[in-house]
Amino acid sequence: MDKELVQVALNTAKLKGATYVDVRLIRKQDESIQMKNGRVEAMKRDDDSGIGIRVIANGCWGFAATAKLNKEDVAKTAALAVRVAKASSTLKAKDVLLDSKSKVVGAYQTKVEIDPFTVSLDQKLALLLEADKIMRKVKGVALVESELSFSKKFQIFAASDDSYIEQWIYQSGGVIAATAVKGNVTGERSYPGMRGHYKTAGYEFIESQKFLDHAERVGEEAVALTTARDCPDITTAIITDGSMTAIQIHETIGHPTELDRVLGTEVSLAGKSHLTIDKMKKFQMGAPHVNITHDATIQGGLGSFGYDDEGIPAQKTYLIKDGMFNDYLTSRETAPVINQQSNGAMRADSWAAIPIIRMTNINLLPGTWKLEDLIADTQDGIYLESAGSPSIDDMRLNYHISSEIGWLIKNGKKTEMVRRPSYSGISYEIWRNCDAICNEDYWEVWGVPNCGKGDPMQTMTVGHGAAPARFRNIKLGK
Amino acid sequence: MIDKKKTKDLLNNALKPTDMIEIGIMSNQRGTTRFANSVIHQNLTVENPYVWTRVIMDGPEGKKIGGVSSRDLSVNGVKTAIRKATDIASFATPDKEFVSLPKPAMVKSKGKSQKSKVPESITPEQRASAVRKITSVCKKHKLDVAGVIHTSSYSLGIANNFGINQYASGADTYTTITAMAENSSGFASAIDKKFTNIDFEKLAEIACQKAILSKNPKQVEPGAYTVLLEPDAVAEFITFLGWLEFGAKAFAEKRSIMSKSIGKKITGANITITDDCTHPKVNQFPFDFEGVPRKKVAFIDKGVAKGVVFDSFYANKLKKPNTGHALPQPSAYGPYPSTLIIKPGNTSMKDMLKTVDKGILITRFWYTRVVDPDKTLITGLTRDGTFWVEKGEIKYGIKNLRYTINIYETLKNVLAISKETVLSGEFTQTVAPALLIKDFTFTGKTQY
């Protein structure tokens with residue numbers, strides 16, 4: 001049935017005058033459980049299915065989508081996509097030109113040991129209840145929260161060049177968090193990562209996170225934060241844990257290397273980028289040992305897949321090579337502008353959304369340090385854990401990133417705990433000031449489940465391979 | 001679009017006398033035309049219906065609750081959603097705090113529905129025509145332009161088996177325009193119930209004039225300045241009070257400053273903020289996602305903390321009246337104020353500008369995020385039209401700055417409020433005036 005609907009969409013759009021058509025039919029299930037202080041605040045499932053049809057007609061793009069998966073409505077929607085493209089063509093400079101991709105036929109499935117939808121709700125609730133109980137036992141903890149979420153997506157991609165791809169993508173993730181309140185001060189602590197950790201994986205990923213082993217510490221640190229002093233306003237060295245390094249990559253490398261931003265097509269919301277085309281292979285973005293890849297081929301990242309939403313096979317390229325700005329994330333339409341073929345970064349957050357250039361897994365390659373040696377090597381500095389909220393200007397230059405917790409480093413030792421550290425600066429300066437990266441033993445692909453871009457906003461899941469790293473001369477606080 | 005009769009038929013067919021069942025049905029037809037480099041580069045029409053259900057089963061140790069949503073609005077689709085929600089509820093941990101879904105006696109409606117008219121349907125050709133108007137204005141000024149026109153028509157039906165049965169429909173158009181010169185940009189936006197009410201050429205001219213006026217921007221060092229914030233900038237930071245402070249969940253958990261301040265002065269006496277879905281500029285459903293009519297709620301009245309919004313769960317928990325501010329259930333977010341009205345003043349923006357001896361005029365903020373919720377400390381950046389003002393006149397454009405402020409403390413420093421107000425935002429609709437504020441803190445600078 002699904003294959004027939006895809007064919008109806010392709011045929012109708014071509015009959016109506018489309019010179020190119022691609023179709024994504026998606027059937028997706030989500031499940032989430034959110035618990036607070038032993039009470040299930042929300043336990044729900046979502047069944048989401050529909051078809052998105054993208055066409056070129058009269059040399060311009062059109063897109064239409066519907067949740068009504070029957071032949072009549074799919075045909076109507078395909079015809080509508082062509083009508084929309086013809087409306088676009090009343091204001092065009094030139095015909096859309098795509099790279100020379102050839103037909104792709106294939107299939108991909110996330111490697112899953114335990115399908116999370118085969119694990120009972122009882123088992124999931126029992127895990128959250130136990131973590132909840134352990135955190136609440138800690139004296140001073142006022143609120144505890146925990147969450148598990150899972151998704152399973154089946155997608156057909158088919159195009160008028162006879163490409164046909166089927167993909168099954170699974171995602172699993174969760175978080176536990178504790179809040180202590182003392183007077184007007186709250187202490188908030190979570191595990192793992194940046195208030196949660198997510199992967200393309202099955203329930204085995206949840207088991208690997210060992211939430212129960214960390215629950216007591218999370219509660220204790222939340223309480224300790226209520227009496228910790230605010231992080232001082234100083235300029236010093238910072239050592240970021242892997243999740244914070246990941247957010248630094250996300251905001252200051254991932255977004256500015258999206259070629260659609262550079263070409264101005266995201267101005268209406270997300271903005272542009274300081275990494276203009278004239279800087280490619282000429283601009284020193286980081287220290288010489290900083291190497292950052294776009295790599296959808298690795299296993300387990302939230303940006304791992306077999307094919308992007310234009311049917312391009314997953315790829316690996318260097319965005320930053322030996323510190324030099326080397327390449328962009330591209331699409332079939334933008335890559336020819338820099339005389340390239342697409343490197344497979346077009347993604348849509350649902351059948352109802354048009355694919356745009358998104359991060360896949362943007363990874364800082366590991367260095368050589370052990371974390372304990374890095375701390376021992378730091379005379380004055382601060383160690384930061386668990387990324388909070390970031391903020392950055394619309395050219396991706398001036399960033400501000402906060403974290404849940406920090407420890408001052410004095411003479412090579414972690415000392416006093418400090419509350420709500422945040423740091424800011426200029427994006428290329430921090431990477432030029434990166435003087436140490438921990439080795440592959442500390443390297444992890446962190447998941448960002450809520451990357452926003454597009455207008456209307458699309459929420460994408462992206463990954464960042466990262467290890468703890470040290471950055472010198474960083475301004476903390478105001 | 002799904003009309004009232006079909007929505008009600010679906011809702012009524014699915015309800016069963018046993019257990020508590022709530023069903024919501026939303027239909028939405030959305031068109032988006034994005035333009036950049038003065039051409040249309042994304043153009044789409046999407047039909048995205050949504051049905052959700054919450055089933056509450058009685059149990060000896062408390063209620064058991066499950067939720068399911070889907071895109072299948074057939075009679076069988078809705079019944080399947082209820083069956084699946086019942087399955088989930090059977091696994092749920094008993095909830096001792098949940099009392100009941102709302103009942104009709106609790107929800108006597110006041111005021112007229114603003115979303116019951118038949119929504120207008122805007123075509124891709126109409127959007128393309130509007131974009132041509134915008135680009136022709138920018139072309140005249142030799143400026144590049146980017147932006148978007150969103151048009152939506154939608155309906156919402158909510159029912160439960162206690163007799164709640166609500167339906168409303170509506171439409172709106174939202175546009176943003178960014179005009180760009182070599183080293184400057186200018187922004188204008190509008191949101192309205194009617195596409196034809198929006199003067200696209202006038203908006204484009206505003207964006208162009210800002211871009212022209214801010215050419216070759218100069219650098220201003222971070223520090224504390226007097227600022228004149230245009231309504232879009234005011235709306236951005238006030239919206240954070242909605243998220244952090246004005247809901248009953250943060251209040252019940254004593255996380256918010258409001259939870260410790262009712263009856264106390266928390267801002268200057270010239271600040272009054274309410275939630276009022278009957279305000280003529282806003283375009284919100286007259287009832288919430290549990291079908292309860294939205295009531296007018298005062299958050300801050302003449303500087304004094306007054307109250308927060310409730311849904312049925314938190315109204316029962318805190319034994320307060322339900323104000324009709326539920327999100328789709330089940331939800332962990334708690335009640336949310338989706339309309340924020342800042343009371344206007346009695347002076348014009350022009351006259352406010354004349355009073356500025358030295359200061360900064362800000363068109364809008366960007367990427368504002370919370371640094372410390374305990375202090376309502378937020379940070380973000382200026383964007384698309386930031387100007388140095390001296391002796392009551394705009395002198396030149398300046399490079400963008402990072403601001404970091406405590407919201408309540410900032411609202412103690414408001415020197416003047418404009419009589420003009422503007423509606424901003426889609427999900428959270430904020431009607432904001434311009435504010436003249438002293439000692440507004442900038443903590444960083446950008447390079448453009």
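Each value, and the rule that gives it
- Residues numbered from 1 in each chain as written.
- Chains lettered and ligands numbered in written order.
- Predicted model: local features only at pLDDT ≥ 70, side-chain atom pairs only at ≥ 80, totals over all residues.
- Heavy atoms only, no water.
- Helix = DSSP H or I, 4+ residues; strand = E, 2+ residues; numbered from the N terminus.
- Rg over C-alpha atoms; globule rule 2.2 N^0.38 Å.
- Contact = heavy atoms within 4.5 Å.
- Areas by Shrake-Rupley, 256 points an atom, 1.4 Å probe, with all protein chains shown as cover.
- Lys, Arg positive; Asp, Glu negative; His and termini not counted.
- Charge placed at Lys NZ, Arg CZ, Asp CG, Glu CD.
- Salt bridge = Lys/Arg side-chain N within 4 Å of Asp/Glu carboxyl O.
- Axes fitted to C-alpha atoms, helices over the stretch in contact; angles between N-to-C directions.
- Left-handed = near helix turned anticlockwise from the far one by under 90°.
- Core = buried A, V, L, I, M, F, W, Y, C linked by side-chain atoms within 4.5 Å.
- Buried < 20%, exposed > 50% of the residue type's maximum accessible area, 1.4 Å probe, protein only.
- Phe/Tyr/Trp six-rings, centres within 6.5 Å; stacked < 30°, edge-to-face > 60°.
- Lys NZ or Arg CZ within 6 Å of the ring centre and 35° of its normal.
- Buried area = accessible area lost by both parts, 1.4 Å probe.
- Polar contact = N/O pair within 3.5 Å; in protein donor to acceptor, adjacent residues only side chain to side chain.
- Nonpolar A, V, L, I, M, F, W, Y, C, P; charged D, E, K, R; others polar.
- Pairing = 2+ DSSP bridges.
- Expected span 1.5 Å × (residues − 1).
- Domains from an automatic or database assignment.

A. Highlighting the overall build of chain A. If you tally the helices and strands in chain A, you get 9 helices and 24 strands. Against the globule reference of 23 Å for 478 residues, chain A gives a C-alpha radius of gyration of 23 Å, in line with a compact fold. Along the first, second and third principal axes, the C-alpha atoms of chain A reach 70 × 55 × 35 Å. Within chain A, counting contacts between residues at least 6 apart in sequence, those at least 24 apart form 75% of the total. Total accessible area computed for chain A in this model is approximately 16,100 Å², and 49% of it derives from carbon and sulfur atoms. Across chain A, the 58 positively charged side chains and the 61 negatively charged ones have centroids separated by 3 Å.

B. Highlighting the pattern of salt bridges. In the structure shown here, the tally under the stated rule is 61 salt bridges over all chains. For the salt bridge of D230 of chain A with K375 of chain B, the shortest nitrogen-to-oxygen distance reads 2.6 Å. Note that D230 of chain A is positioned in strand β9 (residues 229-230) and K375 of chain B in the loop between β13 (358-372) and β14 (377-390), a pairing that runs across two chains. For E253 of chain B, the salt bridge identified is with R255 of chain B, shortest N-O distance 3.1 Å. The network of salt bridges with common partners includes K36, E145, E188, R195, D230, R419 and R420 of chain A together with E253, R255, D372, D374 and K375 of chain B.

C. Focus on the packing of helix α1 (residues 2-15) of chain A against helix α2 (residues 71-88) of chain A. All names here are of chain A. Packing of α1 against α2 brings their axes to within 8 Å, and their N-to-C directions diverge by 35°. Handedness of the crossing formed by α1 with α2: right-handed. Of the residues in α2, those touching α1 at E4, L5, V8, A9, T12 and A13 are K71, V74, A75, A78, A79 and V82.

D. Representation of the nonpolar core. Of all hydrophobic cores here, the largest spans 71 residues; its most connected members are M285, I292, Y423 and W431 of chain A. With 6 residues, strand β18 (residues 398-410) of chain A is the single largest residue contributor to this core. Sequence-distant contacts of I292 of chain A, defined by excluding residues within four places in its chain, comprise I249, I253, T317, Y318, L319, I320, I362, N363, L364 and W431 of chain A. Of all hydrophobic cores here, the second largest spans 54 residues; its members include F246, W388, I398 and A432 of chain B.

E. Structural view of the packing of aromatic side chains. All chains considered together, the criterion is met by 25 aromatic pairs over all chains. Cluster of aromatic residues (ring-pair linked, three or more members): Y225, F365, W388, Y403, F440 and F442 of chain B. Just above the ring of Y318 of chain A sits the side chain of K321 of chain A; from NZ or CZ to the centre is 4.1 Å. Above the plane of the ring of W366 of chain B lies R383 of chain B, whose end atom (NZ or CZ) is 4.6 Å from the centre.

F. Region of the structure containing the interface of chain B and chain A. Across the boundary between the two partners, chain B contributes 76 residues, which contact 79 residues of chain A. For the pair chain B and chain A, the summed buried surface comes to about 6,500 Å²; carbon and sulfur atoms form 50% of the total. Its salt-bridge partner being K84 of chain B, residue D47 of chain A comes within 2.6 Å of it at the nearest N-O pair. Seen at the junction of chain B and chain A, the total is 47 residue pairs in polar contact (both at pLDDT 80 or more). Examining the composition of the side of chain B that touches chain A, we find that 9 residues originate from one element, strand β2 (residues 39-47) of chain B, more than from any other. For the side of chain B that touches chain A, the class distribution of residues is 29 nonpolar, 27 polar and 20 charged. One ladder, built from 4 bridges, connects strand β3 (residues 60-66) of chain A with β2 of chain B; its direction is parallel. Within the sheet, the bridge partner assigned to A65 of chain A lies in β2 of chain B and is V46 of chain B.

G. Focus on the environment of R369 of chain B. Structurally, R369 of chain B is set in strand β13. We classify R369 of chain B as partly exposed; its relative accessible area is 32%. Taking the C-alpha atoms as reference points, R369 of chain B and N183 of chain B, separated by 186 residues in sequence, lie 26 Å from one another. Once residues lying within four places of it in the same chain are set aside, the contact partners of R369 of chain B are S389, P390 and S391 of chain A together with F240, L377, I378 and T379 of chain B.

H. Representation of the side chain of R54 of chain A. Residues and elements named next belong to chain A. Secondary-structure assignment places R54 in strand β2 (residues 39-57). On the basis of relative accessible area, R54 is assigned to the buried category, the value being 3%. Side-chain polar atoms of R54 contact the side chain of D22, separated by 2.7 Å. Among the polar contacts made by the side chain of R54, one reaches the side chain of E310 at a distance of 3.0 Å.

I. Region of the structure containing helix α5 (residues 231-244) of chain B. Residue and element names in this part refer to chain B. The first and last C-alpha atoms of α5 sit 20 Å apart over 14 residues, in line with the 20 Å expected at 1.5 Å per residue. Here α5 lies mainly inside the structure; 11 of its 14 residues are buried. For α5, every residue scored as buried is listed here: P231, A233, V234, A235, F237, I238, T239, F240, L241, G242 and L244.

J. Fine view of the domain arrangement of chain A. Residue and element names in this part refer to chain A. For chain A, the assigned domains read domain 1 (2-227) and domain 2 (231-476). Once you take the C-alpha centre of each, domain 1 and domain 2 turn out to be 21 Å apart. On the domain 2 side, the residues contacting the 47 residues of domain 1 number 46 residues. Considering only the side of domain 1, the residues that lose the most area to domain 2 are D99, M194 and L225, jointly responsible for 18% of the buried surface there. Here domain 1 and domain 2 share 6 salt bridges between them. One salt bridge in this structure joins R189 and E385, with 2.5 Å as the shortest N-O distance. For the pair domain 1 and domain 2, the number of links is 23 residue pairs in polar contact (both at pLDDT 80 or more). Looking at the side of domain 1 that touches domain 2 element by element, the count peaks at 6 residues for β2. Here the side of domain 1 that touches domain 2 is built from residues that sort into 22 nonpolar, 14 polar and 11 charged.

K. Focus on the domain arrangement of chain B. Residue and element names in this part refer to chain B. The assigned domain composition of chain B is domain 1 (4-197) and domain 2 (217-448). The distance between the C-alpha centroids of domain 1 and domain 2 comes to 24 Å. Taken together, the 38 residues of domain 1 in the interface contact 33 residues of domain 2. Summing both sides of the interface, domain 1 and domain 2 together bury roughly 3,100 Å²; the carbon and sulfur share of this comes to 59%. Summed over the shared surface of domain 1 and domain 2, the result is 3 salt bridges. Between R30 and E426 there is a salt bridge; the shortest N-O distance is 3.4 Å. Here domain 1 and domain 2 share 12 residue pairs in polar contact (both at pLDDT 80 or more) between them. Of all the secondary-structure elements, those providing two or more residues to the side of domain 1 that touches domain 2 are β1 (20-36), β3 (50-57), β4 (64-70), β5 (144-160), β6 (165-180) and β7 (185-192). With 7 residues, the single largest contributor to the side of domain 1 that touches domain 2 is β6. Per-class residue counts for the side of domain 1 that touches domain 2 are 16 nonpolar, 14 polar and 8 charged.

L. Molecular detail of the sheet that holds strand β11 (residues 292-295) of chain A. All names here are of chain A. The strand order across the open sheet built from 4 strands is β13-β12-β11-β16, with neighbouring strands paired in antiparallel fashion. Every interior strand has two partners, whereas the edge strands, β13 (324-325) and β16 (362-364), have only one. In this structure, β11 lies alongside β16, joined through 3 bridges in antiparallel fashion. Within the sheet, the bridge partner assigned to H294 lies in β16 and is I362. The strands touched by helix α6 (residues 242-254) are β11, β12 (316-321) and β16; relative to β16, the strand with the most contacts, the crossing angle is about 120°.

M. Inspection of the environment of N183 of chain B at higher detail. Residues and elements named next belong to chain B. Following the sequence through the fold, N183 ends up in the loop between β6 and β7. C-alpha of N183 to C-alpha of N216: the two residues are 33 residues apart in sequence and 6.1 Å apart in space. Within the structure, the side chain of N183 is placed 2.8 Å from the side chain of N216, a separation counted as a polar contact.

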